[in-house]
Amino acid sequence: MAVSYKKLWILLIEKNMKKTDLRIQSGISTGALAKLGKNENVNTEVLAKICKALDCKIEDIMEMVPDDKE
């Protein structure tokens, strides 16, 4: 299983926010934002900060999808 942050990007569009806005509002690093953009694993603290900033639940910003290898 792999992680997908597609839901996060859709939510940002719905809230009329840019990735930079998210980074500043949530206080995450540019490196963490880059990892999110590549669907890479990030620390749960990063996910918690995003959820707090967007006032949403974890399932609103990410999902587990079948890995390419599966």
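For the structure, check the block above.
In short, a report on the structure.

About the criteria used
Residues numbered from 1 in each chain as written. Predicted model: local features only at pLDDT ≥ 70, side-chain atom pairs only at ≥ 80, totals over all residues. Heavy atoms only, no water. Axes fitted to C-alpha atoms, helices over the stretch in contact; angles between N-to-C directions. Helix = DSSP H or I, 4+ residues; strand = E, 2+ residues; numbered from the N terminus. Parallel < 35°, antiparallel > 145°, perpendicular 65-115°, else oblique. Contact = heavy atoms within 4.5 Å. Nonpolar A, V, L, I, M, F, W, Y, C, P; charged D, E, K, R; others polar. Polar contact = N/O pair within 3.5 Å; in protein donor to acceptor, adjacent residues only side chain to side chain. Disulfide = S-S within 2.5 Å. Buried < 20%, exposed > 50% of the residue type's maximum accessible area, 1.4 Å probe, protein only. Core = buried A, V, L, I, M, F, W, Y, C linked by side-chain atoms within 4.5 Å.

### Focus on the packing of helix α2 (residues 19-26) against helix α4 (residues 44-54)
Where α2 meets α4, the closest approach of the two axes is 9 Å, and the angle between their N-to-C directions is 100 degrees. Of the possible angle classes, the one that applies to α2 and α4 is roughly perpendicular. Along its contact with α2, which presents Leu22, Gln25 and Ser26, the element α4 presents Lys49, Ile50, Ala53 and Leu54. Here the contact of α2 with α4 is built from residues that sort into 4 nonpolar, 2 polar and 1 charged.

### Describing the side chain of Ser4
For Ser4, the location among the structural elements is in strand β1 (residues 2-4). Not counting residues up to four positions away in its chain, the partners in contact with Ser4 are Asn39, Ile61, Met62, Glu63 and Val65.

### Side note on the side chain of Ser26
Mapped onto the elements of the fold, Ser26 is located in helix α2. Polar contacts involving the side chain of Ser26 include one to the main-chain carbonyl oxygen of Leu22, which spans 2.6 Å. Excluding residues within four positions of it along the chain, Ser26 makes contact with Lys49, Ile50 and Ala53.

### Quick look at the state of the cysteines
Summed over all chains, the structure comprises 0 disulfides. With no disulfide of its own, Cys51 has Cys56 as its nearest cysteine by sulfur position, at a separation of 4.2 Å. A relative accessible area of 11% means that Cys51 is categorised as buried. What makes Cys56 buried here is its relative accessible area of 18%.

### Concerning the nonpolar core
Tyr5, Leu8, Leu22, Leu36, Ile50, Leu54 and Ile61 are the most contacted members of the largest nonpolar core, which totals 21 residues. Elements with a contribution of two residues or more to this core: α1 (6-14), α3 (30-37) and α4. Per-element tally for this core: the top contributor is α4, with 5 residues. When near neighbours in sequence (up to four residues on either side) are disregarded, Leu22 contacts Leu8, Leu12, Met17, Gly27, Leu33, Ile50 and Leu54.

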